Amino acid sequence: MGFRVMRMGHRPQRDKRVTTHVALVARALGADGIFVDAADAVLEESVRSVVDRFGGDFEIETGVGWREAIRRTGCATVHLTMYGQRVDDALGKIPRGGDLLIMVGAEKVPPEVYRAADFNVSVGNQPHSEIAALAIFLDRYTGGAALYADRGGRMKVIPNERGKTVES
Ligand code: SAM
């Protein structure tokens, strides 16, 4: 049982930073991995470098479209969209026993995604950001369970009220 993120509409030049942050938020909040639709070796490299230093088993695969991600995971799907049902109404309906694929867009998301998703879920009905929507959804879905989990990494941050403490 776990969850993965599907990042749709990635444009390697324009979205490098945003998609990197989508991946890092997914990892920090406990996802097993992320699929990104456009092939992007540079993005893969930068996310793997974080995993290499900070630990865990988070996987990134680029060049995987949303239909393929749904087919391969075969699990329930949540599409985060400002047009969806309220997150607090949706949470009780989303199955907990199995895997979950959480899909986020970039610019315009094709109508087929709205039809294919098991749940179209909004984090407020105002337009904001895939990074914020993913973070808020995952925090509510997991209750923040992964935030301080030990990832067994070469580098480990020790909470510090004033400065930076990093064990390596
Ligand atoms: N109007 C666009 C659309 O077709 O949905 C919004 C694009 S927005 C810049 C990029 C992504 O952020 C969306 O595809 C969605 O995944 C996420 N997003 C933005 N606002 C959201 C909200 N209020 N609730 C849930 N997801 C949101």
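Residues numbered from 1 in each chain as written. Predicted model: local features only at pLDDT ≥ 70, side-chain atom pairs only at ≥ 80, totals over all residues. Heavy atoms only, no water.

S.K.: Kindly report on the overall build of the chain, identifying the contributing residues and their values.
M.R.: A tally of helices and strands in the chain yields 6 helices and 8 strands. The order of α-helices and β-strands along the chain, N terminus first, is β-α-β-α-β-α-β-α-β-α-β-α-β-β. Whereas a compact globule of 168 residues would reach a radius of gyration of roughly 15 Å, the chain reaches 16 Å, a difference of no more than 12%. By principal-axis analysis of the C-alpha atoms, the chain measures approximately 45 × 35 × 30 Å. Partitioning the intrachain contacts of the chain with sequence separation of at least 6 by distance along the chain shows that 79% fall at a separation of at least 24. Total accessible area on the chain is roughly 9300 Å²; 50% of this is exposed by carbon and sulfur atoms. Taken as two groups, the 23 positive and 22 negative side-chain charges of the chain have centres that lie 4 Å from each other. (Helix = DSSP H or I, 4+ residues; strand = E, 2+ residues; numbered from the N terminus. Rg over C-alpha atoms; globule rule 2.2 N^0.38 Å. Contact = heavy atoms within 4.5 Å. Areas by Shrake-Rupley, 256 points an atom, 1.4 Å probe, with all protein chains shown as cover. Lys, Arg positive; Asp, Glu negative; His and termini not counted. Charge placed at Lys NZ, Arg CZ, Asp CG, Glu CD.)

S.K.: Residue-level account of the nonpolar core, with values.
M.R.: Counting residues in each nonpolar core, the largest one holds 33 residues, and the members touching the most others are V78, L80, L100, I102, L134 and F137. Per-element tally for this core: the top contributor is helix α6 (residues 130-142), with 5 residues. Ignoring anything within four residues of it in the chain, the contact list for L134 reads V5, V22, V25, A26, L80, I102 and V104. Counting 12 residues, the second largest nonpolar core, distinct from the first, contains M6, V64, V109 and V113. (Core = buried A, V, L, I, M, F, W, Y, C linked by side-chain atoms within 4.5 Å. Buried < 20%, exposed > 50% of the residue type's maximum accessible area, 1.4 Å probe, protein only.)

S.K.: Pulling in residues and values, what's your account of the site of the ligand?
M.R.: Close to the ligand lie 20 residues, the nearest being L80, A106, V123, G124 and Q126. L80 is positioned such that a nitrogen or oxygen atom in its backbone is 2.6 Å from an oxygen atom of the ligand. Contacts to the ligand include T81, whose backbone N or O atom sits 3.4 Å from a nitrogen atom. Judged by the fraction of its atoms near the pocket grid, the ligand is located in the largest pocket. (Near = heavy atom within 4 Å. Polar contact = N/O pair within 3.5 Å; in protein donor to acceptor, adjacent residues only side chain to side chain. 1 Å grid on protein atoms, 1.4 Å probe; cavity = no way out; pocket = protein on both sides within 12 Å on 5 of 7 lines; lining within 4 Å. Sits in = over half its atoms within 2 Å of the grid points.)

S.K.: Can you lay out the packing of helix α1 (residues 16-28) against α6 for me, pointing to particular residues and giving the numbers?
M.R.: In contact at an axis separation of 9 Å, α1 and α6 are set at 5° when each is read in the N-to-C sense. Between α1 and α6, the crossing angle belongs to the class labelled roughly parallel. Listed contacts from α6 to V18, H21, V22, V25 and A26 of α1 are E130, I131, L134, A135 and L138. In the contact of α1 with α6, the residues fall into 8 nonpolar, 1 polar and 1 charged. (Axes fitted to C-alpha atoms, helices over the stretch in contact; angles between N-to-C directions. Parallel < 35°, antiparallel > 145°, perpendicular 65-115°, else oblique. Nonpolar A, V, L, I, M, F, W, Y, C, P; charged D, E, K, R; others polar.)

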